[in-house]
Amino acid sequence: MRIEAPKTRDDWQALAAALTFETRAFIDDESVAAASGETFETRNPATGEVLARVASCDAADAEVAVRHARAAFARGDWSRLAPGKRKKVLLRLAELMEAHKNELALLDTLDMGKPVSSSLGDMAGAIGCLRYQAECIDKLYGEVAPTGEETLALVLREPLGVVAAIVPWNFPLMMTAWKIAPALAAGNSVILKPSEKSPLSALRLAQLAKEAGLPRGVFQVLPGFGHTVGQALALSLEVDCLAFTGSTATGKQLMQYAGASNLKRVYLECGGKSPNLVFADCKDLDRVAKHAAAAIFHNQGEVCIAGSRLLVENPIREAFVEKVLVAAERMQPGDPLDPASFMGAIVDRAQYERVLDYIRRGVEEGATLRTGGKALDEPGLFIPPTVFDGVSDTMAIGREEIFGPVLAVFGFDTEEEAIALANDSVYGLAAGLWSQDIDRIMRVTRRLASGQVFVNNWAGGDQTMPFGGVKQSGNGRDKSHHSLEEYSDLKSVWISLAT
Ligand code: NAD
């Protein structure tokens, strides 16, 4: 079924009803069952309905896929292909994704509960990333080192070999694109392990990659659990790089696996508890409040860079929180298939219980619950925007990543106090700063311990900007030409010339 430009909930429901799911792994150019024959179920969290049973890969499948990935790398029909030719194939894949963007968006929405309008935004991000990295790859030059005339010294960039990309469920296809686009563009063989909570779009992507002309074994997809297939990839002696997005706890495990196996490179994009600083000199507090609410409630708060700590200068705090509550009221969760919904369902029951548990702890720890706090009626897993005021840095809701629609509001009196509060976290992924004072903006920006700082906006950025964190938010950088550097190695060639 094809509706060229679905606009209404009915359009999306009709498309959803006609969807079929690819549920098999994609290994060496073929869609196959897991070697064990095992499957796991994936559910629509907005309805509780089981969508499909998906191949549950384990170490045996990982071993086969790694063997094919290595063989493809050695064959060289991708790894040694001229960059301009790799570019053409990746641009073709981007075209195919564009042609199938409604279907891909729908798969993510059904699988993990985010509103379809938001999934469409993710598709634009994923396709844009593929195009950007494809366009970059034939514009990167090596170097000639400044030596004497008796030598020609070259610095070459070469692909690493086999990259295992392990990704989360909150932006399933977009996080996938951020990893696979630069890794493939650089000439690597890539094995993708999607989250067990959202495997469907990755399996569809594999079919499109085949159609686009990626040679066999260059891109493979292994659905399954972290402790089975994920761990096997991370421990493999034949995987050269782990490109990971997910929780800090898993990131730490991956570093151990790399140390226990072959010292593979590990690029981590992990969790956050991002501070959003609002100073009293802001001009338009209504606008700032809308952005502060969207910073946490977008994607149900299941965003690594969610602005989950709102730090407000005390003289405006009460008035500002009132404005945030007004904005939050307009962001209530709704049917993910309704393009008007701002928030959808929480990804699964485990995450839903976790968020509700944090809300209980917030109340017990003495924070003031200003709105939300109670789930909607089931079977759908919906939690409304929840705002706590009077949060302190000793409370769990003020320190730990909740990954749900829960905002913790802190007050501050001075710039120094705001900076200290903002930096008092094991995380350092993103920070926001709202002020009209350019001197303050530059002072504070430089002192925020964060991979990215958003000044008078939240989550601004495009493909040209690197994305990643400091401290326990990780060490990798997605997007921009810098991410291409991560998936290639430098080779120094010293050529002695006859004199
Ligand atoms: P997670 O760490 O539970 O899982 C992420 C992926 O790792 C999944 O595919 C999972 O199956 C796999 N995995 C789990 N245990 C593993 C193991 N032992 N070995 C190998 N693989 C394993 O994270 P999640 O719940 O899927 O995602 C939420 C987290 O992701 C949050 O902490 C969020 O902040 C983070 N995140 C970070 C960014 C970023 O760019 N920094 C972006 C999105 C999400």
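Residues numbered from 1 in each chain as written. Predicted model: local features only at pLDDT ≥ 70, side-chain atom pairs only at ≥ 80, totals over all residues. Heavy atoms only, no water.

Another aspect to go through is the overall build of the chain. Broken down by element type, the chain carries 16 helices and 21 strands. Here the C-alpha radius of gyration of the chain, 23 Å, is about what a compact globule of 499 residues would show, namely 23 Å. Projected onto the principal axes, the alpha-carbon positions of the chain cover approximately 75 × 60 × 45 Å. Residue burial in the chain is summarised as follows: out of 499 residues, 56% are buried. In the chain, the proportion of contacts linking residues at least 24 apart, taken out of those at least 6 apart, comes to 75%. (Helix = DSSP H or I, 4+ residues; strand = E, 2+ residues; numbered from the N terminus. Rg over C-alpha atoms; globule rule 2.2 N^0.38 Å. Buried < 20%, exposed > 50% of the residue type's maximum accessible area, 1.4 Å probe, protein only. Contact = heavy atoms within 4.5 Å.)

In space, the 7 strands of this open sheet follow the order β14-β15-β16-β13-β12-β18-β19, with mixed pairing throughout. Each end of this open sheet is capped by a strand with a single partner; those strands are β14 (368-371) and β19 (452-455). The average undirected angle you get between the axes of adjacent strands in this sheet is 25°. Sheet topology note: the strand β12 (residues 275-278)/strand β13 (residues 309-313) ladder contains 4 bridges and is parallel. Bridged to P275 within β13 is R309. On the sheet, helix α14 (residues 415-423) packs against β12, β13 and β16 (406-412) and is oriented at approximately 150° with respect to β16. (Pairing = 2+ DSSP bridges. Axes fitted to C-alpha atoms, helices over the stretch in contact; angles between N-to-C directions.)

It is worth spelling out unusual backbone geometry at this point. The omega torsion across E378 and P379 is 25°, close enough to zero to call that bond cis. Structurally, P379 is set in the loop between β14 and β15 (386-389). Even without being glycine, A459 reaches a positive phi, approximately 70°. With respect to the helices, strands and loops of the structure, A459 is situated in the loop between β19 and β20 (470-471).

In this section: the packing of helix α4 (residues 101-112) against helix α7 (residues 200-212). Between α4 and α7, the shortest axis-to-axis distance is 8 Å and the interhelical angle comes to 155°. It follows from the interaxial angle that α4 and α7 lie roughly antiparallel. Contacts between α4 and α7 involve E103, L104, L107, D108 and D111 on the former and, on the latter, L200, S201, R204 and L208. Along the lines of polarity and charge, the residues of the contact of α4 with α7 split into 4 nonpolar, 1 polar and 4 charged. (Parallel < 35°, antiparallel > 145°, perpendicular 65-115°, else oblique. Nonpolar A, V, L, I, M, F, W, Y, C, P; charged D, E, K, R; others polar.)

A few words on the layout of surface pockets. In this structure, the largest pocket spans a volume of roughly 960 Å³. Lining the largest pocket are 45 residues, and of these F244, G246, S247, T248 and T250 sit closest to its centre. When the residues that make up the lining of the largest pocket are grouped by side-chain class, the tally is 20 nonpolar, 16 polar and 9 charged. Residue contributions to the lining of the largest pocket reach at least three from each of two domains, namely domain 1 (9-270 + 474-491) and domain 2 (275-464). The space that makes up the second largest pocket amounts to roughly 680 Å³. Contributing to the lining of the second largest pocket are 29 residues, with W178, I305, A459, G460 and F467 lying nearest its centre. Of all the secondary-structure elements, those providing two or more residues to the lining of the second largest pocket are α5 (116-137), α6 (172-185), α10 (285-297) and β19. Considered class by class, the residues forming the lining of the second largest pocket number 17 nonpolar, 9 polar and 3 charged. (1 Å grid on protein atoms, 1.4 Å probe; cavity = no way out; pocket = protein on both sides within 12 Å on 5 of 7 lines; lining within 4 Å. Points joined across faces, edges and corners; volume = space filled by probe spheres on them. Domains from an automatic or database assignment.)

Taking 1.5 Å per residue as the helical rise, α6 with its 14 residues ought to reach 20 Å, and the 20 Å between its terminal C-alpha atoms agrees with that figure. Of all 14 residues in α6, 14 are buried, a share of seventy percent or more. Among the residues trailing α6, G187 stands out with phi positive, at a value near 105°. (Expected span 1.5 Å × (residues − 1).)

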